[in-house]
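Here's the letter readout for the chains.
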Amino acid sequence: MANQLQPVRGTRDLTGEDAARHFHVVETARRVARLYGFSEWQTPIFEDTRVFSRTLGETSDVVTKEMYTFEDRGGDSITLRPEGTAGVCRAFITGGLTQTLPQKVFYAGPMFRYERPQKGRYRQFHQIGVELLGPASPLADAEVISAGWRILNELGIAKDVELHINTLGDAQSRTAYRAALVDYLSKYESDLSADSRIRLQKNPLRVLDSKAPEDQNIIQSAPKLYLSLTKEALSFYETLKETLQYRFNIPFKENPYIVRGLDYYNHTAFEFVTNALGAQGTVMAGGRYDGLVEQMGGPNVPGIGWGAGIERLSMLIAAPPVGAQPVAVIPMSAEFEGQALEILNLLRNGNIAAETGYSGNAKKRLERANKSGAGFAVLVGAEIKLKNLTDGSQEDVTAEMLVKRLGA
Ligand code: ATP
Ligand code: MG
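Residues numbered from 1 in each chain as written. Chains lettered and ligands numbered in written order. Predicted model: local features only at pLDDT ≥ 70, side-chain atom pairs only at ≥ 80, totals over all residues. Heavy atoms only, no water.

1. A look at the overall build of the protein chain
Heads up, the condition is: Only DSSP runs of H or I with at least four residues qualify as helices, and only runs of E with at least two residues qualify as strands; both kinds are numbered from the N terminus onward. The reference for a compact globule is 2.2 Å times residues^0.38; the radius of gyration itself is calculated from the C-alpha atoms. Buried residues are those whose accessible area, probed at 1.4 Å on protein chains only, stays under 20% of the maximum for their type, while exposed residues exceed 50% and partly exposed ones sit between those limits. Note on contacts: a residue pair qualifies if any of its non-hydrogen atoms lie within 4.5 Å across the two residues. Residue-level accessible areas treat just the shown protein chains as cover; the underlying method is Shrake-Rupley with a 1.4 Å probe. In summary, the charge assignment counts Lys and Arg as positive and Asp and Glu as negative, without counting His or the chain termini. Positions of charges follow a simple convention, taking NZ of Lys, CZ of Arg, CG of Asp or CD of Glu.
The secondary structure content of the protein chain amounts to 14 helices and 16 strands. Taking 2.2 N^0.38 as the reference for a compact globule, 408 residues should give roughly 22 Å; the C-alpha atoms of the protein chain span a radius of gyration of 27 Å, well beyond that estimate. Looking at the protein chain as a whole, 50% of its 408 residues qualify as buried. Sequence-distant contacts, at least 24 apart, represent 68% of the contacts inside the protein chain between residues at least 6 apart. Accessible surface, the protein chain: about 20700 Å² in total, of which carbon and sulfur atoms supply 50%. Separation of charge centres in the protein chain, based on 46 positive and 48 negative side chains, amounts to 3 Å.

Here it is in structure tokens:
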């Protein structure tokens, strides 16, 4: 077929086992999030472009290179959301929720970034995430990290991931650090990549996030943010580490190179990373964003959260078990079709998954039921028989007995 339509580059269909893995991740996360007191929200997948451009930072990779931005028919600039936090905070403000604290939000859904597609990197990908709005205490950070850790545990992949944490300090620490960093980087300005030279002018911290090879040596020897931390920022970080270690028993490594790609983070930054996915090693990433809500025009409400790539998690987990297939209700001949439909309704009303073969003779339908992996077939004729498709055994039943017989 010469003109067969193809999926857009960087998008994937979720069918068969891919779908099973995907929804297993979402359902596991949803269950754990509820356990921690988070409620699920859904915000639109497109927003006013400024929701992202103003918050993610005009120099971030996401804003400069990766956003799907277009003008709609009314002339407004619209962007397909590249991440979840900005939209949740926008909804938090416009929904008038800023006086009802804390807000504990869970979300799951598609995100869009114009990136070079490769294993674990797509243009439409999906994230689960949580946001905890309100508390300024490091205990909130520990809770949020702990929820993520528990999800990874329940997905059976905690053994494959490492938690890396860092602190970005408070505003005062950042100002002091920024000065030290600019001092240092200016000496090497001509050796920096073109992107990093721009960042040095606009947002020097972002240089540390550069992946350009020519920047790596310079970054390695740059002054460490750690040395510019205020006493308050240090004590926040110490409390977080103690809580993770002694209260939640979560192993972690300190990693000073985690600065996170987005502008709005302060204090805690963390990532769960793995070696099992090649270059796409970060599966879950987050941090504290105390200035974000205010920057978006709301009151000063602190926040902390994380987002995790469902595709990357799906690749790490074992294939979820295939659940029991619906009971096959099969009329033995055309005259029993009506009775078969009645039994079908009876089973479904009794909360038992059931289907009929729609067409073909009884033999064909039974073959199909066997192939589908169904555990049982109900053969509807002058008598009704329940056939166990696993061992081939068969018993006479009445329609009334079926729900009880097949119920869990
Ligand atoms: P990376 O360094 O891999 O580009 P990032 O820092 O851009 O990641 P975040 O913005 O922190 O990623 O997003 C959180 C998570 O979302 C990532 O850890 C990853 O699991 C997932 N993710 C990000 N971009 C993609 C993508 N294009 N395709 C699939 N998953 C993605
Ligand atoms: Mg990225």
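2. Let's talk about the domain arrangement of the protein chain
Note the cut-off: Residue ranges assigned to each domain were obtained from an automatic or database domain assignment.
Each domain of the protein chain was delimited in the assignment, giving domain 1 (16-170 + 230-316) and domain 2 (327-406). Distance between the C-alpha centres of domain 1 and domain 2: 47 Å.

3. Some thoughts on the sheet that holds strand S14 (residues 376-380)
The condition that has to hold: Pairing between strands is defined by DSSP: at least two bridges between them are needed. Only the stretch in contact is used when fitting a helix axis, every axis being a line fitted to C-alpha atoms; angles between N-to-C directions are given from 0 to 180 degrees.
Spatially, five strands are ordered S13-S12-S14-S15-S16 in an open sheet, and the strand pairing comes out mixed. Pairing within the sheet leaves two strands with one partner each, and these edge strands are strand S13 (354-356) and strand S16 (394-397). Strand-to-strand twist across the sheet, computed as the mean angle between neighbouring axes with direction ignored, equals 25 degrees. Bridge count between strand S12 (residues 327-331) and S14: four bridges; the pairing is parallel. Of the residues in S14, the one forming a bridge with Ile330 is Leu379. Packed onto the sheet, helix H13 (residues 362-372) meets S12, S13, S14 and strand S15 (384-388) and runs at close to 175 degrees relative to S12.

4. Comments concerning the side chain of Asn166
Note that Asn166 resides in strand S7 (residues 161-167). Those residues in contact with Asn166, other than ones at most four positions away along the chain, are Tyr237, Asn255, Pro256, Ile258, His267, Thr268 and Ala269.

5. So, the sheet that holds strand S2 (residues 46-48)
With antiparallel pairing, the three strands of this open sheet are ordered in space as S2-S4-S3. Taken across any chain shown, the strands that pair with only one partner, and hence form the sheet edges, are S2 and strand S3 (68-71). Direction aside, neighbouring strands of the sheet carry axes that sit 30 degrees apart on average. Bridge count for S3 against strand S4 (residues 77-80) is four bridges, and the pairing is antiparallel. Along S4, the bridge assignment pairs Glu71 with Ser77. In the packing of helix H2 (residues 49-56) onto the sheet, the strands contacted are S2, S3 and S4, and the crossing angle to S2 comes to about 75 degrees.

6. Digging into empty space enclosed by the protein
Spelled out, the test is: In this analysis a 1.4 Å probe is tested at points of a 1 Å grid over the protein atoms alone, and where it fits but cannot get out there is a cavity; an open set with protein on both sides within 12 Å along at least five of seven lines is a pocket; lining residues have an atom within 4 Å of a point. Grid points are joined across faces, edges and corners, and a volume is the space filled by probe spheres set on the points. Ten residues, namely Ala, Val, Leu, Ile, Met, Phe, Trp, Tyr, Cys and Pro, are considered nonpolar, four, namely Asp, Glu, Lys and Arg, are considered charged, and the remaining ones, Gly among them, are considered polar.
Per the counting criterion, the structure on display carries one cavity of 30 Å³ or more. Each pocket or cavity is described by its volume, and for the largest cavity that value is around 180 Å³. Along its surface, the largest cavity is lined by 14 residues, and Tyr177, Leu208, Lys224, Leu225 and Pro256 are the ones closest to its centre. Grouping the constituent residues of the lining of the largest cavity by class yields 11 nonpolar, two polar and one charged.

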